[in-house]
2 protein chains.
Amino acid sequence: MDRRTFHHTLLVAIAGGPFVPERSGAVLRRLQQPRVNGDRLAASIARLAQIGRTSEGATSRVAYSEADREGREYVIGLMRAARLTVSIDAAGNILGRRNGNTASLPPLMMGSHIDTVPGGGNYDGVVGSLGAIEVAHTLAEVGIALRHPLEVIIFQNEENGKVGSRAVRGEDPASYLDLLTHSGRTVREGIRSIGGNPERLGDAKRAAGSIAAFLELHIEQGGPLDPGGIDIGVVEGIVGIRRFEVTVDGFANHAGTTPMDQRRDAMLAAARFVDAVNRVARSTPGRHVATVGQIRAEPGAVNVIAGRVVLTLEIRDLELATIDRLFERVRAEATAIGEATGTRFALEPYYLSMPARCDQEIRAIIERSARALGLSTASVPSGAGHDAQEIAQLAPIGMIFVPSVGASSHSPEEFSTPAAIAAGADVLLRTLLALDAR
Amino acid sequence: MDRRTFHHTLLVAIAGGPFVPERSGAVLRRLQQPRVNGDRLAASIARLAQIGRTSEGATSRVAYSEADREGREYVIGLMRAARLTVSIDAAGNILGRRNGNTASLPPLMMGSHIDTVPGGGNYDGVVGSLGAIEVAHTLAEVGIALRHPLEVIIFQNEENGKVGSRAVRGEDPASYLDLLTHSGRTVREGIRSIGGNPERLGDAKRAAGSIAAFLELHIEQGGPLDPGGIDIGVVEGIVGIRRFEVTVDGFANHAGTTPMDQRRDAMLAAARFVDAVNRVARSTPGRHVATVGQIRAEPGAVNVIAGRVVLTLEIRDLELATIDRLFERVRAEATAIGEATGTRFALEPYYLSMPARCDQEIRAIIERSARALGLSTASVPSGAGHDAQEIAQLAPIGMIFVPSVGASSHSPEEFSTPAAIAAGADVLLRTLLALDAR
C-alpha cells in the first residue's frame, strides 16, 4: 500500500463513509494530526514508577506482589479513563475493550506487561502497556471509531515466565502452574490472587486467527537505537533461545601434590569451553549471541583441583537453524577440549523458546508510519523474549522499539525520554489505524 | 658420616659402652636387624580405621569429633603398650615420652596426626602416627635405650589448620582459637574437649633448639612413588603456598540483547585467566603447581552476562621466589586479558605458608637407611602441608614418604600396603637410631 492509498483507506474507515475527493485536502490535514498526549503518557508512567519503588531507586513490581496488584489497579483506572471496558480473563490478564463498527471483524490487540524483574526499572513493559492505553485514550478523545474491535491487554507475569501470554496462546497450564515465582507464590496462587481462575485457564485461550493483529510497543534492550541516534526500531522478529546444561567431569585431586601434567582439571576444561563458545560466536557472521552466565565448581575448594564443573550455555538467534549450527560447532570444540584435558563433556538441552518472526506487512506499515512522522528507523531483532512472541502463534504481530538511554534494561537505570516514548506511541497509533483500514 | 662410622657410633650408643672391634661382626649382624613388627603395625592401623568408619567406607575422624576422641584413646593405649609415658599438652597434642641415657640432650621427636578430612581415609597421618609408636614399641622390645629422650607426638587437628603443631611452634593463638572446625566446634572448644587448655597454650610452645630433630613418616600424596615403583620418598622440603582472591569486574548485561562485540563479560575474562594460569605453570620448568579451584559468577543467571567473577589462585613451590615469579607472569596475563575484554582484574593475596626445607644431613641419613634396607629411593618435594613444616622453625626435620596406591589421598581410596608401611617404619627406626648416635 502506498501512502496515498493508505490515507484514502484511513479516511474511509474514520469517516465511516465513501471518500469525498473535494474534502480530502482539509480533512487529510486534520486527520493526519491525531497524536497521543505525550504529557499525559509521561505522567502516568511517572505515577506507576512510584508503585513498587524501593529505597535504592529501583522499581520492584514482581508479578503477584502487593506492588503488582496496586499497579494493576492503577492501570485499570487508566483504561476506564480511556473509555475501555475492563475485564480480567481466567489467566489474570487485564483486558480493556471497545467495540468496532464492523461486528464481524476480529479484534486488533495491543499491549504489554507491567510486572518487573526484582529491582528493575519502570520502562520495560510499562511503555508498551501505558502507550497502548494512551493510544486508546487518544482515539476516544478525537472521536475516531475503528472498524475492528480494539483490545488493550496487560499480560500478567511476563518477567517470570510470560505466563499470561502463554495462557492466551493456550499452552498446557501444567507446564507452569506450580512454578514458584519471585513473589513467593506459585503461578497457581498468583493467578488466584489477581482475580484469575487457575482451574479454568482454557477460557483465556484465543483461537488461531481470532485476533486480527497484535502490536507491542517496547523499549529496546541493548541497543542499537540509543547509541545510533535512531528514533524507532522496526522489530524483525524475536529470537529463539536454546539453553544447555554443560557438565565437565574431570578428577578431583590435591592441588598441592598433583603435578601439572597429571591433572584432569574440570576447571581448566570449563575455562577453555567458555573461551571456545565466545570464539565460535564471534567468528561466525550474524547477530546471534552465545553466553555462559552460570558456573559452579565441585568441590570448589582453593586447594582441590575441580573434579566437576557445571555451567550453562545459552544461544539465541532469529533462526533456529543458526542456533543449531553454532551449537554443533561448540559441541565439537567441547569434544576436543575434553580429549586434550582428560575430561568429559555432557551437553544437555533443557530449554527451547521458538523464534517468532514479525509480520512482513506490519513491519512495512510501522516503517511507513514512523517515516510519515519524520522519525528515523532501523530494522532490529529482539534479543529478549516478549509476550508478542507467544501471540505470534495466533496472529500476525508487530513490535515497535523506542530507544533506551544507555541501552539499559532490567535495571533501575532504565530510562527512555518522554519524547521518545511519545514518538513510539504515535507510531503505534498510526500503525493501528493503518491495520484497521486494511 | 660414612656407613662404617655410622655403625660404629650406633654400637656405642646401643651397647652403652666403647666399641669392641673383635665383637663387631656378630653384634653388627644382630644389631643391624632391629625391624619393626609390620603385622602389629598393620593390625593397629586396621583397628584405628574402624573408628570413624562411615557407611560409605570412608574414615571420618575430623578433629574434636567423637570419633577423633575415640581414636585418641586408642592411640594412648598403643603408646602405653609401647612403654611410653603419656601426657596431653596444653594444646591437646598427645605426647608419649621415654627418657634417654644422657639427661642433658634434647629429645628426638617423631609423630604425625590421626585426625582426617571429612570423608577421608585412614592412612594420611595415621601411618606416621602409628609408625612412630611402633618404632618406640620395637625399641622397647629389643631393649635398645637411646641417648636422647624419645618423644612420640600426635598433633591434634592437622587437617583443619595444623593447630597442634602451630601451638608447639608458638604461633599467636588469636590467629586460630576462634576458627570454626568441621566438628562444629571452634578450635577453642575443641582444645578443651580433648583435654587441653586454650587459656594456657604458651605451655605447649617449644623453644627453638629444644628439639634435637623431628621425623615424620607419611604417605605420599599425588605420586611419584607408587606410579614409579619406588619404595621410599626422601622429602626435600614442604612447599610454600600463596593464595590469592582474584576478582574480575566486567559489566552485567542482558545475554539476549547485548551484541557479542559490546560485552564486558567477566566470565570470558575469568575463563581466559584460568587457561593462562595453566599455561604459565606448564610452560615454566619446575615442579611448582598453580590451581584455580573455586569460582563464583555474579549475578550467575543463565540469561545474564556475568558482571563479576571471583575465583581463587593458589601457587605452590619449594622456593618462595619461584612462586613470586610465577605470580608476576600470571598478573601480566591478567592485565592483558582485562584490556582485551574490557574487564578489570584485582588479585589480592590472602594466605601465605612459608616453604620448609628438610635438613640436608637428615635427608642423607634417610637415604642411607633406606638403601641399607635394600629399598629404592627418590628425592621428592611435599606438595601438601604437614606438621613437620611448623616444627621446621624449631628443629631440623626429616620426612619419609611411602607409596600410596594410585597416589590417592584425602579420600576413602587411600591405601598403602602393609609391606610399604613396614618398610617406611623401618627407615624411620634406622634414621632415628642414626640421629641418636650423632
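Just so it is clear, the model here is predicted, and its values are computed rather than measured.

When you go through chain A residue by residue, the secondary structure sums to 13 helices and 16 strands. Taking 2.2 N^0.38 as the reference for a compact globule, 438 residues should give roughly 22 Å; the C-alpha atoms of chain A span a radius of gyration of 24 Å, in line with that estimate. Across its three principal directions, the C-alpha atoms of chain A cover 90 × 45 × 40 Å. Put simply, chain A has 438 residues, and 59% of those count as buried.

This part covers the relation of the copies chain B and chain A. Aligned on chain A, chain B shows an RMSD of 0.1 Å; the corresponding rotation is 180° and the shift along the axis is 0.1 Å. A rotation of that kind, with that shift, is consistent with a two-fold axis. Identified as the residue of chain B closest to the rotation axis by C-alpha distance is A271(B), at 2.0 Å.

The next point concerns the packing of helix 5 (residues 126-142) of chain B against helix 13 (residues 418-437) of chain B. All names here are of chain B. One can describe the packing of helix 5 onto helix 13 by two numbers: an axis separation of 9 Å at closest approach and a directional angle of 60°. With respect to their mutual orientation, helix 5 and helix 13 come out oblique. Relative to helix 13, the crossing made by helix 5 is right-handed. Along its contact with helix 5, which presents V127, G131, A132, V135, T138 and L139, the element helix 13 presents I421, A425, L428, L429, L432 and L433. For the contact of helix 5 with helix 13, the per-class residue count stands at 10 nonpolar, 2 polar and no charged.

So, about the packing of aromatic side chains. Going through the model one piece at a time under the given rule, you end up with 8 aromatic pairs over all chains. When the ring of F273(A) is compared with that of F345(A), the centres are 5.4 Å apart and the planes differ by 35°; the resulting orientation is tilted. Placement of the pair is F273(A) in helix 9 (residues 266-283) and F345(A) in strand 13 (residues 344-353), with a sequence separation of 72 residues. Residue class for F345(A) comes out buried when judged on its relative accessible area of 14%. With a centroid separation of 5.7 Å and 85° between ring planes, the pair formed by Y123(B) and F415(B) is classed as edge-to-face. Note that Y123(B) is positioned in the loop between strand 3 (108-113) and helix 5 and F415(B) in the loop between strand 16 (397-402) and helix 13, a separation of 292 residues in sequence. Of note, R243(A) hangs over the ring of Y351(A), and the distance from its end group to the ring centre comes to 4.4 Å.

Glancing now at the pattern of salt bridges. A side chain with one charge can pair with a side chain of the opposite charge if their charged atoms come near. Residue and element names in this part refer to chain B. This structure, assessed with the given rule, holds 52 salt bridges over all chains. Two residues, E171 and R169, come together in a salt bridge whose shortest N-O distance is 2.8 Å. Across the pair R438 and E361 runs a salt bridge whose closest N-O atoms are separated by 3.3 Å. You can see R438 sitting in the segment after helix 13 and its partner E361 sitting in helix 11 (residues 360-372), a full 77 residues away along the chain. When its relative accessible area of 41% is taken as the criterion, E361 is described as partly exposed.

Before going further, it helps to spend a moment on the interface of chain B and chain A. Residue-level contacts link 45 residues of chain B with 45 residues of chain A. When chain B packs against chain A, close to 3900 Å² is buried across both sides, 58% of that on carbon and sulfur atoms. In terms of surface lost to chain A, no three residues of chain B exceed M260(B), M267(B) and V302(B), which account for 18% of the buried area on that side. The tally of links between chain B and chain A comes to 2 salt bridges. Close ionic contact of D275(A) with R272(B) constitutes a salt bridge, the shortest N to O distance being 2.8 Å. Seen at the junction of chain B and chain A, the total is 10 residue pairs in polar contact (both at pLDDT 80 or more). The leading source of residues in the side of chain B that touches chain A is helix 9 (residues 266-283) of chain B, at 9 residues. Per-class residue counts for the side of chain B that touches chain A are 19 nonpolar, 18 polar and 8 charged.

Glancing now at the packing of helix 11 of chain B against helix 13 of chain B. All names here are of chain B. Direction vectors running N to C along helix 11 and helix 13 enclose 130°, while the axes themselves pass 9 Å from each other. As the angle between them shows, helix 11 and helix 13 are arranged oblique. As for how helix 11 packs across helix 13, the hand of that crossing is right-handed. In contact with I362, I365, I366, S369, A370 and A372 of helix 11, helix 13 contributes V427, R430, T431, A434 and L435. For the contact of helix 11 with helix 13, the per-class residue count stands at 8 nonpolar, 2 polar and 1 charged.

A word on unusual backbone geometry. The residue after E298(A), namely P299(A), is reached through a cis peptide bond having omega 0°. Turning to its location among the elements, P299(A) is positioned in the loop between strand 10 (295-298) and strand 11 (304-305). Of note, K162(A) is a non-glycine position whose phi angle comes to about 50°, a positive value. By the element assignment, K162(A) lies in the loop between strand 4 (150-155) and helix 6 (163-169). You can call K162(A) buried: its relative accessible area is 10%. For N157(B), which is not a glycine, the phi torsion comes out positive at approximately 45°.

The next subject is helix 13 of chain B. Helix length check: helix 13 of chain B, at 20 residues, gives a terminal C-alpha distance of 29 Å against a target of 28 Å (1.5 Å per residue), a fit within 8%. Of all 20 residues making up helix 13 of chain B, 18 are buried, and the element is well covered by its neighbours.

As a further point, take the domain arrangement of chain A. All names here are of chain A. For chain A, the domain assignment lists domain 1 (34-239 + 355-436) and domain 2 (240-353). The centre of domain 1, based on its C-alpha atoms, is set 36 Å off from the matching centre of domain 2. Opposite the 13 residues of domain 1 that make contact, domain 2 presents 9 residues. Taken together, both faces of the contact between domain 1 and domain 2 bury some 830 Å²; the carbon and sulfur share is 52%. A per-residue breakdown of the area domain 1 buries against domain 2 is headed by V239, P355 and R357, which together make up 57% of the total. Summed over the shared surface of domain 1 and domain 2, the number is 2 salt bridges. The tally of links from domain 1 across to domain 2 stands at 4 residue pairs in polar contact (both at pLDDT 80 or more). Of all elements in the fold, only strand 6 (232-238) and strand 15 (377-382) reach the threshold of two or more residues within the side of domain 1 that touches domain 2. Considering each element in turn, the side of domain 1 that touches domain 2 owes the most residues, 3 residues, to strand 6.

Our focus in this paragraph is the nonpolar core. The biggest cluster of nonpolar side chains holds 68 residues, and the ones touching the most others in it are F273(A), V309(A), F273(B) and V309(B). Counting 57 residues, the second largest nonpolar core, distinct from the first, contains V86(B), I133(B), L146(B) and L217(B).

Residue and element names in this part refer to chain B. Mapping D124 onto the fold places it in the loop between strand 3 and helix 5. For the buried D124, no salt bridge exists, and the shortest N-O distance to an oppositely charged side chain is 9.2 Å, to R61. A polar contact is formed between the side chain of D124 and the side chain of H113, at a distance of 3.2 Å. Reaching out from D124, the side chain makes a polar contact with the side chain of H218 at a distance of 2.8 Å. Each residue touching D124, except ones within four places of it in the same chain, is listed here: H113, D115, E159, H218, I219, Q221, H410 and E414.

This part covers the pairing of strand 3 of chain B. Residues and elements named next belong to chain B. Burial of strand 3 is extensive: 6 of the 6 residues sit out of reach of the surface. Taking every second residue as pointing to the same face, both faces of strand 3 are buried, with L108, M110 and S112 on one and M109, G111 and H113 on the other. Pairing of strand 3 with strand 4 (residues 150-155) involves 6 bridges; the strand directions are parallel. The partner of G111 across the bridge, within strand 4, is I153. Viewed along the sheet, the connection from strand 3 through helix 5 into strand 4 turns out right-handed. Where strand 3 meets strand 5 (residues 213-219), 3 bridges bridge the pair, whose relative direction is parallel. By the bridge assignment for strand 5, M109 is matched with F214.

To continue, consider the environment of V62(A). Residues and elements named next belong to chain A. Inspection of the secondary structure assignment puts V62 in the loop between helix 3 (38-49) and helix 4 (66-81). Separated by 262 residues in the primary sequence, V62 and D324 have C-alpha atoms spaced 33 Å apart. Not counting the four nearest positions on each side in its chain, V62 is found in contact with D68, D115, T116, V117, P118, H182 and S183.

Cut-offs and rules
Residues numbered from 1 in each chain as written. Chains lettered and ligands numbered in written order. Predicted model: local features only at pLDDT ≥ 70, side-chain atom pairs only at ≥ 80, totals over all residues. Heavy atoms only, no water. Helix = DSSP H or I, 4+ residues; strand = E, 2+ residues; numbered from the N terminus. Rg over C-alpha atoms; globule rule 2.2 N^0.38 Å. Buried < 20%, exposed > 50% of the residue type's maximum accessible area, 1.4 Å probe, protein only. Least-squares fit on C-alpha atoms with pLDDT ≥ 70 in both. Axes fitted to C-alpha atoms, helices over the stretch in contact; angles between N-to-C directions. Parallel < 35°, antiparallel > 145°, perpendicular 65-115°, else oblique. Left-handed = near helix turned anticlockwise from the far one by under 90°. Contact = heavy atoms within 4.5 Å. Nonpolar A, V, L, I, M, F, W, Y, C, P; charged D, E, K, R; others polar. Phe/Tyr/Trp six-rings, centres within 6.5 Å; stacked < 30°, edge-to-face > 60°. Lys NZ or Arg CZ within 6 Å of the ring centre and 35° of its normal. Salt bridge = Lys/Arg side-chain N within 4 Å of Asp/Glu carboxyl O. Buried area = accessible area lost by both parts, 1.4 Å probe. Polar contact = N/O pair within 3.5 Å; in protein donor to acceptor, adjacent residues only side chain to side chain. Expected span 1.5 Å × (residues − 1). Domains from an automatic or database assignment. Core = buried A, V, L, I, M, F, W, Y, C linked by side-chain atoms within 4.5 Å. Lys, Arg positive; Asp, Glu negative; His and termini not counted. Pairing = 2+ DSSP bridges. Right-handed = clockwise from strand over helix to strand, strands pointing away.

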